[in-house]
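Coordinate analysis (summary)
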Amino acid sequence: MKCIEIKTNPSYNVWIGPALTSQIGKLLYSIANGHRVAVISDMYVDPLYGEEVIASIEDYGIEVQSFPIMVDEKTKTLDTVETLLSKLAKENYSKEDVLLDVGGGMISDIAGMTAALYLSGIKVVHMPTTLLGMTDAAVGGKAELNIPEGKGIVGTVYQPEMVIADLDVLSTLPEQEIKSGIGEIIKYAVIEDNGLYGKLMNHVGRADMVELENIIADSVEIKNRIVSEDPTGTGLRGVVRLGHTAGQAIETATDYGVLHGEAVGLGMLIMAYGTGNRKTGDKIKRLLERYDMPTAIDWPDREIIAAALYKGTDDRKYEGTYSIVVPEKIGQCVQKKVSARSLTLILKKGLVAIGHSKNQSSKLRLLRPFRRARS
Ligand SMILES: NC(=O)c1ccc[n+]([C@@H]2O[C@H](COP(=O)([O-])OP(=O)(O)OC[C@H]3O[C@@H](n4cnc5c(N)ncnc54)[C@H](O)[C@@H]3O)[C@@H](O)[C@H]2O)c1
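Please read all numbers here as calculations on a predicted model, not as lab measurements.

Around the ligand there are 30 residues in total, and Gly 104, Gly 105, Met 106, Thr 129 and Thr 130 lie nearest to it. Counting residues per element, the ones that place at least two in the shell around the ligand are helix H4 (105–117), helix H5 (131–137), strand S7 (142–147) and helix H6 (175–191). Among the residues making up the shell around the ligand, the classes are represented as ten nonpolar, eleven polar and nine charged.

Encoded structure:
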């Protein structure tokens, strides 16, 4: 098991290892003893791990109540947060009580925002159950919601008390979601590398527990160095948006037909090729191919470009300029502000360079059979 201290203010620990679900009560005891715990869980994850989570908390004599919710990109909104706020208020949750969210990045975004707003802030603990949540979404305190004008436009920074990443829960995560998580890990390899690129080239599967723990810890360490220097995202933290300018545009244009981490992977490629960093693009592509991730997309370029320019991803627009992250080399990314015209040219060039997917498997990915089937 690994424990990484995230050096924000306040600081907190990220626990990474196997068999942590059964230890939740023990880990929560110091902050929840004598108080209540509200578990906000993903409706599909709850039947898998809810009982074990509740039992472990009750074993430590802590009162606990479960609030399973269904959330997707279209309901990762203030409305859902408001519903949860009402439920907490009706149940008389107090400022000393604790929110524990159990699920992927959608759940930690919703729960993080709910915790930040309820009684002007109550304690929150994230238990990410996706690879993407463990490596990125649950770490750093950002909670982002969508509005019709775009993805991630509404947000706050609210640090959790603790993050508990139980590697065992990844055994039930669909393969495509594992790949989506790998997309964000590749992002950290491109941002800082530190040996992560090489480790990833060896292909880490979900069964390689030791290597999995190592690459998750490496990503968390890299994010730690970034968020501890710039917790709110006005400076250095902007680099974690590598791959997001085009990636989020792809998500919005395709109506979330591509998983977040897959879109980030494509976004990194588009940005590398679009800014003339071909060698870096080739290296990123090799890594994406290593994990059988999409490296091309079957969608009209103009719709993706329009989404980046007008639909408004969470790129801050500074007096008519757009903030982008350029992967110059593996381990070296720079933030730049560009005009709408330059961004259009970069995206056009990048999209032409990656081309359109010709094979059926990329098309299937776009249909997102797993998520659609349940919605
Ligand atoms: N706030 C941040 O800093 C930040 C960073 C990165 C991503 N995000 C956000 O995170 C979201 C993506 O998160 P995600 O990829 O974790 O997706 P997610 O939360 O939608 O979960 C993915 C799917 O996997 C299922 N699932 C989750 N855990 C499971 C398990 N252990 N076993 C079986 N099924 C399981 C869920 O029901 C869901 O259908 C996006 O909305 C993105 O914007 C936020």
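From this point, things continue past the structure.
Running from N to C, helix H10 (residues 260–274) and helix H13 (residues 340–354) point in directions that differ by 110°, and their axes come no closer than 7 Å. Taken together, H10 and H13 sit at an angle that is classed as roughly perpendicular. Two secondary-structure elements touch here, H10 through Leu 266, Leu 269, Ile 270, Met 271, Tyr 273 and Gly 274 and H13 through Ile 346, Leu 347, Lys 349, Gly 350, Leu 351, Ala 353 and Ile 354. When grouped by side-chain class, the residues that make up the contact of H10 with H13 number ten nonpolar, two polar and one charged.

Right, let's talk about the sheet that holds strand S9 (residues 162–166) for a bit. Strand order in the open sheet formed by seven strands is S1-S2-S9-S6-S5-S3-S4, and the pairing between neighbours is mixed. Each edge of the open sheet carries a strand with a single partner, namely strand S1 (2–6) and strand S4 (63–69). In this sheet, adjacent strand axes meet at a mean angle of 15° when their direction is disregarded. Across the sheet, helix H2 (residues 46–58) touches strand S3 (36–42), S4 and strand S5 (98–103), and the angle it forms with S4 is around 165°.

Between its first and last C-alpha, H10 extends 20 Å over 15 residues, near the 21 Å set by a 1.5 Å rise per residue. By the criterion of burial, H10 is predominantly enclosed, with 15 of the 15 residues buried. Trailing H10 by a residue or two, Gly 276 shows a phi angle of about 85°, which is positive.

Scored by pLDDT, the protein comes out at a mean of 91, with 93% of its residues at no less than 70. Here residues 367–375 is modelled with pLDDT under 50, and outside its nearest four sequence neighbours on either side it reaches nine contacts, counting other chains as well.

For the rest of this paragraph, the subject is the domain arrangement of the protein. Assigned domains of the protein: these are domain 1 (2–171) and domain 2 (183–374). Between domain 1 and domain 2, the C-alpha centre-to-centre distance is 26 Å. Contacts between the two partners involve 31 residues from domain 1, matched on the other side by 29 residues from domain 2. At the level of secondary structure, the elements contributing two or more residues to the side of domain 1 that touches domain 2 comprise S1, strand S2 (12–17), H5 and strand S8 (150–157). For the side of domain 1 that touches domain 2, the element with the most residues is S8, which contributes five residues.

Most of the time, phi is negative for any residue but glycine, and the peptide bond is trans. Note that the residue after Asn 9, namely Pro 10, is joined by a cis bond; omega there is 0°. With respect to the helices, strands and loops of the structure, Pro 10 is situated in the loop between S1 and S2. A positive phi is found at Leu 119, a non-glycine position, where the angle reads about 50°. Of note in this structure, His 203 is not a glycine but carries a positive phi near 60°. Relative to the helices and strands, His 203 resides in the loop between helix H7 (196–201) and helix H8 (209–229). For His 203, a count of 13 C-beta atoms within 10 Å puts it in the partly exposed group.

Topologically, Met 113 is positioned in helix H4. Looking at Met 113, the number of C-beta atoms within 10 Å reads 26, which means it is buried. Along the primary structure Met 113 and Ser 339 are separated by 226 residues, whereas in three dimensions their C-alpha atoms are 32 Å apart. In this view, Met 113 contacts Val 81, Ala 143, Leu 145 and Thr 156; residues no more than four positions away in its chain are not counted.

Cut-offs applied
For every chain, the first residue of the written sequence is number 1, and numbering continues from 1 along that sequence. For this predicted model, a pLDDT threshold of at least 70 governs which residues receive local features, and a threshold of 80 or more governs which side-chain atom pairs are given and counted, while totals over whole chains, interfaces and linings are taken from all residues. A molecule or strand has a residue near it when that residue's C-beta atom, placed from backbone coordinates, lies within 6 Å of it. Working definition: helices are DSSP H or I runs of at least four residues, strands are E runs of at least two. Numbering for both runs from the N terminus. Polar here means any residue outside two lists: the nonpolar Ala, Val, Leu, Ile, Met, Phe, Trp, Tyr, Cys and Pro, and the charged Asp, Glu, Lys and Arg; Gly therefore counts as polar. Between N-to-C directions, angles cover 0 to 180 degrees, with each direction set by a line fitted to C-alpha atoms, over the stretch in contact for helices. Should an angle fall under 35 degrees it is taken as roughly parallel, and over 145 as roughly antiparallel, whereas 65 to 115 is taken as roughly perpendicular and any remaining angle as oblique. Each residue is represented by a C-beta atom placed from its backbone, and any two residues with such atoms within 7 Å are regarded as in contact. Pairing between strands requires that DSSP locate at least two bridges from one strand to the other. Under the convention used throughout, the expected extent of a helix is 1.5 Å for every residue step, that is, one less than its residue count. Counting other C-beta atoms within 10 Å of a residue's C-beta gives its exposure: the residue is buried at 20 or more, exposed at 12 or fewer, and partly exposed in between, where C-beta atoms are placed from the backbone. For every residue, the pLDDT score states the predictor's confidence, bounded by 0 at the bottom and 100 at the top. Domain delimitation follows an automatic or database domain assignment.

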